[in-house]
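Spelled out from the first residue to the last, the chains are:
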Amino acid sequence: MEMAEIGLIGLGTMGAMLALNIAEKGFRIAVYNRTTSVTRQFAAEAGDLAPRIVPTESLEAFVAAIKPPRAIILMVPAGPVVDDQIAALKPLLGPDDLIIDAGNANFHDTNRRAAAASGYRFLGMGVSGGEEGARHGPSIMGGGEKADWDRVAPVLEAISAKYQGIPCATWMGPGGAGHFVKAVHNGIEYADMQMIAEIYGVMRDGLGMEAAEIGAVFEEWNQGPLQSYLIEISAAVSKAVDGDAPMLDVILDKAGQKGTGRWTVIEAQNLAAPIPVIEAAVMARNVSARLAERQAGEAAFGAAPMALAKGALHLKTLEQAMIAGKILCYAQGFALIVAASREFGWNLPLPAIARVWREGCIIRSSMLNDMATALEENPERGLMLAPFFADHLRAASPGLRQVVSVGAAQGLPLPALSAGLAWFDMMRTARGTANMIQAQRDFFGAHGFERLDKPGQKDLHGPWGGHMV
Ligand SMILES: NC(=O)c1ccc[n+]([C@@H]2O[C@H](COP(=O)([O-])OP(=O)(O)OC[C@H]3O[C@@H](n4cnc5c(N)ncnc54)[C@H](OP(=O)(O)O)[C@@H]3O)[C@@H](O)[C@H]2O)c1
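The shown structure was predicted, so the numbers you read here are calculated from the model rather than taken from an experiment. (Residues numbered from 1 in each chain as written. Predicted model: local features only at pLDDT ≥ 70, side-chain atom pairs only at ≥ 80, totals over all residues. Heavy atoms only, no water.)

Student: How should I be thinking about the site of the ligand in this particular structure?
Tutor: Inspection of the region around the ligand gives 20 residues, with Thr13, Met14, Asn33, Arg34 and Thr35 positioned closest. For the ligand, an oxygen atom lies 2.9 Å from a polar atom in the backbone of Thr13. The contact in question runs from an oxygen atom of the ligand to an N or O atom on the side chain of Thr35, over 2.5 Å. The set of elements that each furnish at least two residues to the shell around the ligand consists of helix H1 (13–24) and helix H4 (80–89). The class makeup of the residues in the shell around the ligand is nine nonpolar, nine polar and two charged. (Near = heavy atom within 4 Å. Polar contact = N/O pair within 3.5 Å; in protein donor to acceptor, adjacent residues only side chain to side chain. Helix = DSSP H or I, 4+ residues; strand = E, 2+ residues; numbered from the N terminus. Nonpolar A, V, L, I, M, F, W, Y, C, P; charged D, E, K, R; others polar.)

Listed below in structure tokens is the structure:
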């Protein structure tokens, strides 16, 4: 039988769709799944693509069905399952055979697996776009040896989303670089979603709008600077109905997470890179999950008034707030990538990252194309200071300020938008307040400080020697 050009293990939601996508692009693919009935059903339902799919029922048969040097995609749950799968494959592979972990691995695990790869090659690959993306074109962020990426790039570029014909599949750097970029993508995804949810809350609880009206607003915004997949689906979910009721109105307000947003926040803390909008978004999901505590809180303190006086906020102002929040969130996300790039010596390609997110992934948006251009001009400058985005922020930040202040006054919780505004205000304040922190630290711990009037001199102390502990 003709051998497969590539193999895939794990025919779950993502793996099955990715395998069909690969077959559709003309590549012969061997597939294997722990539960054999899933493999059989997958092959039976592959329709026109079945001739390019080689279903196998043992790892030995799977490996034997792939043309050497082999390329094998793993699409199994992140964590120990990946290690187990690698261990099971290892004795069957040759030194040039390549394992590609396409799940949502923690990049530290990918670094470890890349370093431990001996007797086979290893790539870590972030894939975004959910089920639909996997089937028709995901955004792909690769990490590992460039030569290994180049070997499989023709397949990955063929199956990836295209932005004006350009594949959204890019090698990011060595080891866990691809999975790191995917984690930041997911952190930004959390933040984008949270800011939309906050603006939705202002419309629902502040302006008393019905879900369908809110959907119409999102639909309109999707024609402007906020054009994005997440705004588009927010319009769709707002307009959806379940019988007579808006679907949104019967969905429990308790959000889950699988951990990638949390990883982004943990890594940002490790790198001392401020990403408050993403942190607030992860925090908000955790708060949402504490439903019983929120109910007890409302019983104890009463719900905040929330309702806004007529004319207190215009929809245009909400759109401006969302634009400003989004720019600030991405500025933080890219700054985190710069920090990681320096720390790990990765030399991550910032403009290419913005480009790879333009299509296929959950955070795809028209703004990302402008971000790619701004980052090409000067990757080190910080997105907020790029002239294009600085102009946008000058125009949109007053709207963000108005929404956050009106929200605070009426008790509308806006954690991500508020965090964005506070960061913006800190980042435009040359003389901040950390002189007080430094004085306090020196008072209780003799940590020392620098003085404005004695530049260059370090480790100076205040006149509070007697009070030191
Ligand atoms: N779903 C998404 O939107 C999305 C997006 C991007 C990335 N990802 C990532 O992609 C990966 C796969 O996600 P998914 O949503 O496709 O998961 P899924 O639907 O739960 O499928 C998991 C697959 O892994 C197999 N598997 C589970 N435990 C196993 C084990 N102990 N040993 C061997 N095989 C095992 C399952 O086989 P059985 O049939 O035998 O159970 C199944 O084929 C995850 O890392 C996920 O985080 C998911």
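From this point, things continue past the structure.
Student: Quick question: what am I supposed to make of the sheet that holds strand E7 (residues 139–144) here?
Tutor: Adjacent strands of a sheet form backbone hydrogen bonds with each other and so pair up, either parallel or antiparallel. Across the sheet, eight strands lie side by side as E3-E2-E1-E4-E5-E6-E7-E10; this open sheet has mixed pairing. At either margin of the open sheet sits one strand with a lone partner, and together these are strand E3 (53–55) and strand E10 (169–173). Averaged over all adjacent pairs, the angle separating strand axes in this sheet is 25°, with direction ignored. Here four bridges tie E7 to E10, and the two strands are oriented parallel to one another. Following the sheet pairing, Ile140 is matched in E10 by Ala169. Across the sheet, H4 is in contact with strand E1 (6–9), strand E4 (71–74), strand E5 (98–101) and strand E6 (121–128); its angle to E4 comes to roughly 155°. (Pairing = 2+ DSSP bridges. Axes fitted to C-alpha atoms, helices over the stretch in contact; angles between N-to-C directions. Contact = heavy atoms within 4.5 Å.)

Student: Mind showing me how you'd approach the packing of aromatic side chains here?
Tutor: Remark: the centre distance and the inter-plane angle together describe each pair of aromatic rings, the angle taken between the planes. Inspection of the entire model under this criterion finds 11 aromatic pairs. Considering the side-chain rings of Phe218 and Trp221, the 5.7 Å spacing of their centres and the 75° angle between planes classify their relative orientation as edge-to-face. Pair noted here: Phe218 and Trp221 are both in helix H9 (residues 211–221), with a separation of three residues, about one helical turn. Each member of the pair, Phe218 together with Trp221, is buried. Members of the aromatic cluster, connected to one another through ring pairs, are Phe107, Phe180, Phe344 and Trp346. Against the face of Tyr190 rests Arg285, its NZ or CZ located 3.7 Å from the ring centre. Above the ring of Tyr229, the side-chain terminus of Arg364 is found at 4.0 Å from the ring centroid. (Phe/Tyr/Trp six-rings, centres within 6.5 Å; stacked < 30°, edge-to-face > 60°. Buried < 20%, exposed > 50% of the residue type's maximum accessible area, 1.4 Å probe, protein only. Lys NZ or Arg CZ within 6 Å of the ring centre and 35° of its normal.)

Student: Just checking my understanding: could you explain the side chain of Thr56 for this structure?
Tutor: Mapped onto the elements of the fold, Thr56 is located in the loop between E3 and helix H3 (59–64). At a separation of 2.8 Å, a polar atom in the side chain of Thr56 contacts the main-chain carbonyl oxygen of Val31. In contact with Thr56, other than residues within four places in its own chain, are Val31, Tyr32, Thr39, Ala61, Phe62 and Ala65.

Student: Quick question: what am I supposed to make of the environment of Ile362 here?
Tutor: Structurally, the position occupied by Ile362 is in the loop between helix H15 (350–356) and helix H16 (367–377). It is 22 Å that separates the C-alpha atoms of Ile362 and Thr110, two residues lying 252 residues apart in sequence.

Student: How should I be thinking about the packing of helix H14 (residues 315–344) against helix H17 (residues 387–410) in this particular structure?
Tutor: Each pair of packed helices can be described by the angle between their axes along with the distance between the axes. Two elements in contact, H14 and H17, have axes whose closest approach is 7 Å; the angle formed by their N-to-C orientations is 120°. Our classification of the angle between H14 and H17 gives oblique. Once H14 is placed against H17, the crossing between them reads as left-handed. In contact with Thr317, Leu318, Gln320, Ala321, Ile323, Ala324, Gly325, Ile327 and Leu328 of H14, H17 contributes Phe389, His392, Leu393, Ala395, Ala396, Ser397, Gly399, Leu400, Gln402 and Val403. Its residues placed into classes, the contact of H14 with H17 shows 12 nonpolar, seven polar and no charged. (Parallel < 35°, antiparallel > 145°, perpendicular 65-115°, else oblique. Left-handed = near helix turned anticlockwise from the far one by under 90°.)

Student: Explain the pattern of salt bridges to me, please; I cannot follow it from the model alone.
Tutor: Any two side chains of opposite charge can pair, on the condition that their charged atoms come close. Under the counting rule described, the total for this entry stands at 25 salt bridges. Among the salt bridges present, the one from Glu219 reaches Lys239, with a minimum N-O distance of 2.8 Å. Residue Glu219 is located in helix H9, and its partner Lys239 is located in helix H10 (residues 229–239); the two are separated by 20 residues in the primary sequence. Between Arg401 and Asp425 there is a salt bridge, and its shortest N-O distance comes to 2.7 Å. Here Asp425 lies in helix H18 (residues 415–427) and Arg401 lies in helix H17, a separation of 24 residues in the sequence. (Salt bridge = Lys/Arg side-chain N within 4 Å of Asp/Glu carboxyl O.)

Student: How should H14 be read in this particular structure?
Tutor: Each turn of an α-helix holds 3.6 residues, which means side chains three or four residues apart point in the same direction. With 30 residues, H14 should reach 44 Å at 1.5 Å per residue; the first-to-last C-alpha distance of 43 Å fits that figure. Burial runs high along H14: 24 of the 30 residues are buried. Within two residues after H14, Gly345 carries a phi angle of roughly 65°, on the positive side. (Expected span 1.5 Å × (residues − 1).)

Student: What exactly am I supposed to notice about empty space enclosed by the protein here?
Tutor: Space left empty within the atom packing is revealed by a probe, the size of a water molecule, rolled over the atoms. Inspection of every chain in the model, using the stated rule, returns two cavities of 30 Å³ or more. Counted as a void, the largest cavity has a volume near 40 Å³. In this structure, the largest cavity is lined by Asp192, Ile196, Leu226, Ser228, Leu230, Ile231, Met322 and Lys326. In terms of residue class, the lining of the largest cavity is built from five nonpolar, one polar and two charged. Volume-wise, the second largest cavity comes out at about 30 Å³. For the second largest cavity, the full set of lining residues is Asn104, Ala105, His179, Lys182, Ala183, Thr260 and Trp263. At three residues, the largest contribution of residues to the lining of the second largest cavity is made by helix H8 (residues 177–206). Partitioning the lining of the second largest cavity into residue classes produces three nonpolar, three polar and one charged. (1 Å grid on protein atoms, 1.4 Å probe; cavity = no way out; pocket = protein on both sides within 12 Å on 5 of 7 lines; lining within 4 Å. Points joined across faces, edges and corners; volume = space filled by probe spheres on them.)

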